[in-house]
Amino acid sequence: IEYIKYIVERHTLPFANEGVSMFQSPLYYLVSAPAYTAAERFLTGISAVKALKVIPIASGVALVEVTYRTLKAVYPDRADLQALGTVLGGLIPMNIYISQHIGNEPMSGLFIAASVMAAYKLLTSPGRPLRRAATLGVFTGLALLSKVSIALLLPGFSVMAVYSIARSEGFKKAAAGLGVYAGATAWVLGTIAGIWRGISRRKHDRG
């Protein structure tokens, strides 16, 4: 909450040493800041803060959908396993619990799950490998902006991208696919940073 209020009040991101959780990746807090500003127009005090629960709840609901879509890709002909996997994965008690609290974990979990789904589709679907590598990069970038935890999966995603493309298109295309994956990740990081820099500059000029 302090992170969100810092952005709302100062129109900039905090340094890591300015608070207990100020080192966290900024995407969740950047999304929550305008939501908090809007909530303050109609609510006051703790009610405006509680309104921020909408974002983690929405992330938790979306995670259920991503879980289902992943299982549908893994077991396309097994509706029973799709249903069971969705219950076990999407409705795991920790997801239900943590999605009711203000924090970046639900959004991080959503984009990590989406990255895993994209990686699996890249590995198993022969068509349009470069496009699938770009999709994986976009989700990876969003996950990194949500929380740095996904960094542990980056080597695995890179190997999957090279292997999945090389076995059908050759190593030259695989190198291109790895470049597309890395480039899409960097593009997302740079785009969000550029948008935020522009917003901060306009706020500063108005001030």
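Thresholds, definitions, all that
- Note that residues are indexed from 1 along each chain, following the sequence as it is written.
- With pLDDT at 70 or above as the cut-off, local features in this predicted model cover only qualifying residues; side-chain atom pairs require 80 or more to be listed or tallied, and sums for whole chains, interfaces and linings still use all residues.
- Think of the side-chain values as coming from all heavy atoms in the structure, minus any hydrogens and water.
- Runs of E in the DSSP output that reach at least two residues are strands. Runs of H or I that reach at least four are helices, and both are numbered from the N terminus.
- Residue count minus one, scaled by 1.5 Å, sets the expected span of a helix.
- Categorising residues by exposure relies on relative accessible area from a 1.4 Å probe, with only protein chains included: less than 20% of the type maximum marks a residue as buried, more than 50% marks it as exposed, and the intermediate range marks it as partly exposed.
- Each direction from the helix axis to a C-beta atom contributes to the arc, which is the arc of those directions.
- For this analysis, residues touch if any pair of their heavy atoms sits within 4.5 Å.
- The patches described consist of residues with a relative accessible area above 30% and no salt bridge, like charges being joined within 9 Å and nonpolar side chains (Val, Leu, Ile, Met, Phe, Trp, Tyr) within 5 Å.
- Per-residue and other accessible areas follow the Shrake-Rupley method at a 1.4 Å probe size, with only the shown protein chains counted as cover for residues.
- Just to be clear on terms, a salt bridge is a Lys or Arg side-chain nitrogen sitting within 4 Å of an Asp or Glu carboxyl oxygen.
- The set of buried Ala, Val, Leu, Ile, Met, Phe, Trp, Tyr and Cys residues whose side-chain atoms join them within 4.5 Å is what this entry labels a nonpolar core.
- Pairing of aromatic side chains here covers Phe, Tyr and the six-membered ring of Trp, requires ring centres within 6.5 Å, and sorts the geometry by plane angle: under 30 degrees stacked, over 60 edge-to-face, intermediate tilted.

K.L.:
Hey, could you go over helix H5 (residues 79-90) for me, with residue numbers and the actual values?
P.N.:
Spanning 12 residues, H5 covers 16 Å between terminal C-alpha atoms, matching the ideal 16 Å at 1.5 Å per step. Those residues of H5 that sit buried are Gln-82, Gly-85, Thr-86 and Gly-90. One side of H5 holds all its buried residues, which, seen down the axis, span an arc of 105°. Residues of H5 that are buried make contact with helix H4 (54-74) and helix H6 (93-98).

K.L.:
Lay out a nonpolar patch on the surface with the relevant residues and their values.
P.N.:
A cluster of nonpolar side chains, contributed by Val-87, Leu-91 and Ile-96, occupies part of the molecular surface with about 250 Å² of accessible area. Tracing the backbone shows Ile-96 in helix H6.

K.L.:
Account for the nonpolar core, with residues named and values stated.
P.N.:
Counting residues in each nonpolar core, the largest one holds 37 residues, and the members touching the most others are Ile-4, Tyr-36 and Leu-136. Taken together, the elements giving at least two residues each to this core come down to helix H1 (2-10), helix H2 (27-42), helix H3 (46-50), helix H7 (105-124), helix H8 (129-146), helix H9 (154-169) and helix H10 (171-206). Counting residues in each nonpolar core, the second largest holds six residues, with Leu-63, Val-66, Ala-113 and Met-117 among its members.

K.L.:
Just give me the short version of unusual backbone geometry, but keep the residues and values in it.
P.N.:
At His-11, a residue that is not glycine, the phi angle is positive and equals roughly 55°. By the secondary structure assignment, His-11 is in the loop between H1 and H2. Residue His-11 is classed as partly exposed on the basis of its relative accessible area of 31%.

K.L.:
Would you mind going over the packing of aromatic side chains in detail, with residue names and values included?
P.N.:
A complete count under the given rule lists two aromatic pairs for this structure. Where Tyr-3 meets Tyr-29, the ring centres are 3.8 Å apart and the plane angle is 5°; that geometry is what we call stacked. Taken as a pair, Tyr-3 in helix H1 and Tyr-29 in helix H2 lie far apart in primary sequence, 26 residues in all. A relative accessible area of 5% means that Tyr-3 is categorised as buried. Overall, the relative accessible area of 8% leaves Tyr-29 in the buried class. Centroid distance Tyr-28 to Tyr-29: 5.0 Å. Interplanar angle 80°. Geometry classified as edge-to-face. A residue is classified by how much of its surface remains accessible, and Tyr-28, at 1% relative accessible area, is buried. Among the aromatic residues, those joined into a cluster by ring pairs are Tyr-3, Tyr-28 and Tyr-29.

K.L.:
Got a sec to walk through the environment of Ala-161? Specific residues and values, please.
P.N.:
Along the chain, the position of Ala-161 falls in helix H9. Residue Ala-161 is classed as buried on the basis of its relative accessible area of 0%. Residues Ala-161 and Thr-140, spaced 21 residues apart in sequence, show a C-alpha to C-alpha distance of 13 Å.

K.L.:
Tell me about the pattern of salt bridges, residues and numbers included.
P.N.:
Inspection of every chain in the model, using the stated rule, returns four salt bridges. Here Arg-10 and Glu-18 are joined by a salt bridge, their closest N and O atoms 3.8 Å apart. Classification of Glu-18 by relative accessible area gives partly exposed; the value is 32%. For Glu-105, the salt bridge identified is with Lys-147, shortest N-O distance 2.1 Å. Of this pair, Glu-105 sits in helix H7 while Lys-147 is found in the loop between H8 and H9, placing the two residues 42 residues apart along the sequence. Look at Lys-147 and you get buried, because its relative accessible area is 16%.

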